[in-house]
Amino acid sequence: MTLAPYAADPAASRGREFAEDREGARGPRSEFQRDRDRIVHSIAFRRLKAKTQVFIAPDGDHYRTRLTHSIEVAQIGRVIARALGLDEDLTEALCLAHDIGHPPFGHAGEEALREAMAIRGGFDHNAHTLRVLMRLESPYCDHPGLNLSWELLEGLAKHNGPVATPNWALGELDEAFPLDLGAWPSLEAQVAAIADDIAYDNHDIDDGLRAGFLVLEDLLELPPIAAQYRAIEARYPGASNDQRLRELVRSRIGLMVNDVIETTRANAQGLRSVADIRAHPAPLAGFSPAMAEEERALKGFMYERLYYHPEQLTAASHARDVVSRLFAAYDQDPGALPDEWRAALPEEEPERSRHLADFIAGMTDRFAIRECARIFGRAPEGLRNV
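All values derive from a computational prediction rather than experimental measurement.

Analysis parameters
Residues numbered from 1 in each chain as written. Predicted model: local features only at pLDDT ≥ 70, side-chain atom pairs only at ≥ 80, totals over all residues. Heavy atoms only, no water. Helix = DSSP H or I, 4+ residues; strand = E, 2+ residues; numbered from the N terminus. Rg over C-alpha atoms; globule rule 2.2 N^0.38 Å. Buried < 20%, exposed > 50% of the residue type's maximum accessible area, 1.4 Å probe, protein only. Contact = heavy atoms within 4.5 Å. Areas by Shrake-Rupley, 256 points an atom, 1.4 Å probe, with all protein chains shown as cover. Lys, Arg positive; Asp, Glu negative; His and termini not counted. Charge placed at Lys NZ, Arg CZ, Asp CG, Glu CD. Phe/Tyr/Trp six-rings, centres within 6.5 Å; stacked < 30°, edge-to-face > 60°. Axes fitted to C-alpha atoms, helices over the stretch in contact; angles between N-to-C directions. Parallel < 35°, antiparallel > 145°, perpendicular 65-115°, else oblique. Left-handed = near helix turned anticlockwise from the far one by under 90°. Nonpolar A, V, L, I, M, F, W, Y, C, P; charged D, E, K, R; others polar. Salt bridge = Lys/Arg side-chain N within 4 Å of Asp/Glu carboxyl O. Expected span 1.5 Å × (residues − 1). Patch = residues over 30% accessible without salt bridge, like charges linked within 9 Å, V, L, I, M, F, W, Y side chains within 5 Å.

Digging into the overall build of the chain
Part 1 of the argument: Helices and strands together make up the secondary structure of the chain, namely 18 helices and zero strands.
Part 2 of the argument: A compact globule built from 386 residues should have a C-alpha radius of gyration of about 21 Å, and the chain, at 22 Å, falls within 12% of that.
Part 3 of the argument: Its C-alpha atoms give the chain principal-axis dimensions of about 65 × 50 × 40 Å.
Part 4 of the argument: Residues counted as buried form 55% of the 386 residues belonging to the chain.
Part 5 of the argument: A separation of at least 24 residues holds for 72% of the contacts in the chain among residues at least 6 apart in sequence.
Part 6 of the argument: Accessible area of the chain: about 17,200 Å², with a carbon and sulfur share of 51%.
Part 7 of the argument: Put simply, the chain has 44 plus and 62 minus side-chain charges, and the middle of one group is 3 Å from the middle of the other.

This is the structure we're talking about:
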């Protein structure tokens, strides 16, 4: 496959933070393939299997978690990258790693950690993703972190665009290994960001319908979705409602992917290098104006009907309470920490609190629930609603 002139080139990578001895390197992998493999084999990636996507610690086996969400993002990202002539391996690695910094209970857990850390620099899951990959996840003998390529780390730091004021975590890492935070990232990183939107816009519909928080009649209030669903009814008159709904989600993903490919290809016309991508004054990967308007309407609907559903807000409140109580418990009694975390606990602030936040952010939903039960003598209630 011939790559576009503005694709990231693994042979021209800006390298890794720490020099590595390549003697005995396993297999003929590019730098970005090595990145992807390190992510897939990491403990932090495996923990995503039990972290909230939409529903907290769901009992049902068919709901998405952060892990299955990340896999779906990677599948969409690779399709777009291939069509645009970008490096698929870098795109896939970015998609797989983008949510590794999420604490338990999704955004509710993040809010609780941000509040607990408010006077100690705060907490941000995007910056924490870099902290996990560059410092906390350290399986190798000769350097901290996974020692990923500059392009992978740059893309994770800036997949939502340039960072004007990095928080303490990203600031420390950028000082150690500068990531050019003021420029736009590679087109691979921009594709990973839009693939994330496409994935959750559509699979959250699927999960919301399955859980009964969304109903088809309400979804059909959105004219583009109604038109698609009526076309599916006409095309498949004998199909069940469940099959038609799955076809709806599939066709929505296809429409959005094709729109991104066409729009991004047109936006990047005339650009000749990855440097041109980074120097461009605006993002290049994205939806057409018409699709962007449809997507905004869909997001508004999902916030109103699913994310801000009263039951969801109640569960989120209980989740924030769990994380806040755990932080306070470890802060007051470090003896409640596991031995290795207690032994490494700094004495001075803010490092001490940041260490506690690192431990809590790494928890899965179920582990946080078990810890709460162990420390306080009873399991928290009101967390599960599916």
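From this point on, the discussion continues.
Looking at the environment of arginine 230
Part 1 of the argument: By the element assignment, arginine 230 lies in helix α11 (residues 223-235).
Part 2 of the argument: It is 9.8 Å that separates the C-alpha atoms of arginine 230 and leucine 248, two residues lying 18 residues apart in sequence.

Topic: the packing of aromatic side chains
What describes a pair of aromatic rings is the distance from one ring centre to the other and the angle between the planes of the rings.
Part 1 of the argument: Evaluation of the coordinates by the stated rule reveals seven aromatic pairs.
Part 2 of the argument: Here the aromatic rings of tyrosine 330 and phenylalanine 359 are separated by 5.4 Å at their centres, their planes lie at 70°, and the arrangement is edge-to-face. Highlighted residues: tyrosine 330 in helix α15 (residues 310-332) and phenylalanine 359 in helix α17 (residues 351-361), separated in sequence by 29 residues. We note that tyrosine 330, like phenylalanine 359, is buried.
Part 3 of the argument: Chaining the aromatic ring pairs together yields one cluster made of Tyr330, Trp341, Phe359 and Phe367.

Some details on the packing of helix α5 (residues 106-116) against α15
Part 1 of the argument: Between α5 and α15, the shortest axis-to-axis distance is 8 Å and the interhelical angle comes to 40°. The angle between α5 and α15 falls in the class oblique. You can see that α5 and α15 cross each other, and the crossing is right-handed. On the side of α5, the interface is formed by Ala108, Gly109, Glu111, Ala112, Leu113 and Ala116, while α15 contributes Ala316, Ala319, Arg320, Val323, Ser324 and Phe327.
Part 2 of the argument: Across the contact of α5 with α15, the residue classes break down as eight nonpolar, two polar and two charged.

Notes on unusual backbone geometry
Part 1 of the argument: Backbone torsion omega between glutamate 349 and proline 350 reads 5°, so that peptide bond is classified as cis.
Part 2 of the argument: Examined against the element boundaries, proline 350 turns out to sit in the loop between α16 (339-343) and α17.
Part 3 of the argument: In this model, aspartate 180 sits at a positive phi of 50°, which is unusual for a non-glycine residue.
Part 4 of the argument: The topology assignment puts aspartate 180 in the loop between α8 (168-176) and α9 (187-211).

Some details on the side chain of arginine 354
Part 1 of the argument: Structurally, the position occupied by arginine 354 is in helix α17.
Part 2 of the argument: With relative accessibility at 11%, the residue arginine 354 sits in the buried group.
Part 3 of the argument: Apart from residues no more than four positions distant in its own chain, arginine 354 is found in contact with Met117, Arg120, Gly121, Trp168 and Glu172.

Considering the pattern of salt bridges
Opposite charge on two side chains makes pairing possible when the charged atoms of those side chains draw close.
Part 1 of the argument: Summed over the entire model, instances satisfying the criterion amount to 44 salt bridges.
Part 2 of the argument: Measuring nitrogen to oxygen at the nearest pair gives 2.8 Å for the salt bridge that ties aspartate 99 to arginine 66. One end of the pair, aspartate 99, is in the loop between α4 (88-97) and α5; the other, arginine 66, is in helix α3 (residues 66-84), and 33 residues separate them in sequence.
Part 3 of the argument: According to the relative accessible area criterion, aspartate 99 is buried, its value standing at 4%.
Part 4 of the argument: Look at arginine 66 and you get buried, because its relative accessible area is 5%.
Part 5 of the argument: In this structure, arginine 250 and glutamate 247 form a salt bridge, with 2.6 Å as the shortest nitrogen-oxygen distance. In this pair, arginine 250 and glutamate 247 both sit in helix α12 (residues 241-267), three residues apart, roughly one turn of the helix.

Examining α15
Part 1 of the argument: The end-to-end C-alpha separation of α15 is 33 Å, in line with the 33 Å expected for 23 residues at 1.5 Å each.
Part 2 of the argument: Buried residues of α15: Gln312, Ala315, Ala316, Ala319, Val322, Val323, Leu326, Phe327, Ala329 and Tyr330, and no others.
Part 3 of the argument: On its buried side, α15 packs onto α5, α14 (289-307), α17 and α18 (365-376).

With respect to a nonpolar patch on the surface
Part 1 of the argument: Taken together, Tyr303, Tyr308 and Leu313 make up a surface patch of nonpolar side chains, about 310 Å² in accessible area.
Part 2 of the argument: Mapped onto the fold, leucine 313 is located in helix α15.
Part 3 of the argument: With relative accessibility at 43%, the residue leucine 313 sits in the partly exposed group.

Shape descriptors only; they carry no functional weight alone.
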